[in-house]
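# Per-entry structural report
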Amino acid sequence: MDAYEKIEKVGEGTYGKVYKAREKTTGKIVALKKTRLHEDDEGVPPTTLREVSLLRMLSIDPHIVRLLDLKQGQNKEGKTVLYLVFEYMDTDLKKFIRSFRQSGGVPPAETVKILMYQLCKGVAFCHGHGVLHRDLKPHNLLMDRKTMMLKVADLGLSRAFTIPLKKYTHEILTLWYRAPEVLLGATHYSTPVDMWSVGCIFAELVTTQALFPGDSELQQLLHIFRLLGTPNEEVWPGVSRLPNWHEFPQWGPKSLSTVVPTLDANGMDLLSKMLVYEPSKRISAKKAMEHPYFDGLKKEAL
């Protein structure tokens with residue numbers, strides 16, 4: 001690790017600390033993600049190696065944060081520490097949204113469109129390679145303020161969902177962006193869970209307010225039901241057989257324009273296609289990129 005000089009700690013990831021650092025030979029600024037290995041591990045655990053090779057493979061897309069290198073080191077106790085070396089991005093979507101909220105403004109409509117297109121593109125790339133993110137949220141979307149470049153980060157939880165589908169635990173996602181099928185205890189789920197998160201992020205970008213800010217799994221579901229109506233077998237076949245299904249209060253669906261009044265008709269249409277209850281009917285990332293909402297964008301430049 002002598003190759004890098006730590007500048008400051010920039011955060012705590014799911015797997016350890018993240019530092020802003022400088023590569024000594026080139027002066028290049030990078031992000032170091034420090035991951036501790038378990039005590040009993042002889043060498044690097046296969047899960048970590050899998051994560052790394054997955055990240056390396058996905059790194060070829062401009063909208064996935066680039067993994068530049070992997071370094072092994074020792075901490076003061078002589079335990080093995082792995083450092084993932086990523087390109088450094090100066091902010092994330094959470095901070096970007098907060099800066100507008102604090103000044104009482106909202107991001108310009110064109111900026112929202114540019115960021116959303118890049119998000120759909122990055123997610124489409126992951127999905128096209130059999131990778132599910134499972135924890136998309138503004139904090140995990142890194143940005144360069146000068147160029148408005150957006151990149152998906154923290155693919156650490158994204159086990160490849162190559163068939164056959166494994167049973168996933170659903171204790172991982174941040175509640176606000178969590179898809180209803182996960183909240184209702186579905187054990188087999190797929191790419192639509194990410195598209196639900198993309199929809200929640202879309203609405204938040206437009207208004208600077210979280211769309212469904214629940215603080216427990218039940219609260220989260222009730223937030224969703226109050227806006228979109230309580231689901232039933234008609235709108236979502238099989239919903240009442242999901243493990244966490246109960247007799248919930250009955251609400252009728254409200255119009256999405258009540259929560260994102262400034263979004264244009266095309267944007268509203270795209271958002272409504274992302275926030276569909278039945279997962280198989282939710283728009284895919286690839287299809288979302290072709291939606292009329294993005295017409296007029298210089299897509300080849302993004």
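The name that an unreviewed UniProt entry assigns to the protein is Protein kinase domain-containing protein, with the source organism given as Aristolochia fimbriata. Regarding the protein, the UniProt comment filed under Sequence similarities (unreviewed entry) reads as follows: "Belongs to the protein kinase superfamily. CMGC Ser/Thr protein kinase family. CDC2/CDKX subfamily."

Core analysis: the largest hydrophobic core is formed by 81 residues, its most contacted members being Leu93, Met116, Leu119, Val198, Phe202, Leu228 and Met274. With residues up to four places along the chain from it excluded, the contact list for methionine 116 reads Val198, Phe202, Leu205, Met274 and Phe294.

Another aspect to go through is helix H5 (residues 192-207). In this model, H5 (16 residues) spans 23 Å end to end at C-alpha, consistent with the 22 Å of a helix rising 1.5 Å per residue. The buried count for H5 comes to 15 of 16 residues, which makes it a mostly enclosed element. Threonine 208 sits one or two positions beyond H5 and adopts a positive phi of about 70 degrees.

With respect to the secondary-structure elements, leucine 222 resides in helix H6 (residues 217-228). Between the C-alpha atoms of leucine 222 and proline 249, which are 27 residues apart in sequence, the distance is 8.3 Å. The residues contacting leucine 222, other than those within four sequence positions of it, are Phe248, Pro249 and Trp251.

Remark: helix H3 (residues 109-128) packs on H5, axes separated minimally by 11 Å, with the N-to-C direction vectors making an angle of 170 degrees. Here H3 lies roughly antiparallel to H5, going by the angle between them. Residues Val112, Leu115, Met116, Leu119, Cys120, Val123 and His127 of H3 lie in contact with H5, whose contacting residues are Asp194, Met195, Val198, Ile201, Phe202, Leu205 and Val206. Of the residues belonging to the contact of H3 with H5, the class tally is 12 nonpolar, 1 polar and 1 charged.

The next point concerns the sheet that holds strand E8 (residues 149-152). With antiparallel pairing, the 3 strands of this open sheet are ordered in space as E6-E7-E8. Because the sheet does not close on itself, it has two edges, and the strands there are strand E6 (91-92) and E8. Across 4 bridges, strand E7 (residues 141-144) lies against E8 in antiparallel orientation. Paired with leucine 141 across the two strands is valine 152, which belongs to E8. Running at roughly 30 degrees to E8, H3 makes contact with E7 and E8 of the sheet.

Let us look at the UniProt feature "binding site: ATP" (unreviewed entry) in the protein. In this numbering, the UniProt entry assigns the feature "binding site: ATP" (unreviewed entry) to Lys33. If you trace the backbone, lysine 33 turns up in strand E3 (residues 29-36).

Thresholds, definitions, all that
- Residues numbered from 1 in each chain as written.
- Predicted model: local features only at pLDDT ≥ 70, side-chain atom pairs only at ≥ 80, totals over all residues.
- Heavy atoms only, no water.
- UniProt positions renumbered as here; feature names shortened; annotations may be inferred.
- Core = buried A, V, L, I, M, F, W, Y, C linked by side-chain atoms within 4.5 Å.
- Buried < 20%, exposed > 50% of the residue type's maximum accessible area, 1.4 Å probe, protein only.
- Contact = heavy atoms within 4.5 Å.
- Helix = DSSP H or I, 4+ residues; strand = E, 2+ residues; numbered from the N terminus.
- Expected span 1.5 Å × (residues − 1).
- Axes fitted to C-alpha atoms, helices over the stretch in contact; angles between N-to-C directions.
- Parallel < 35°, antiparallel > 145°, perpendicular 65-115°, else oblique.
- Nonpolar A, V, L, I, M, F, W, Y, C, P; charged D, E, K, R; others polar.
- Pairing = 2+ DSSP bridges.

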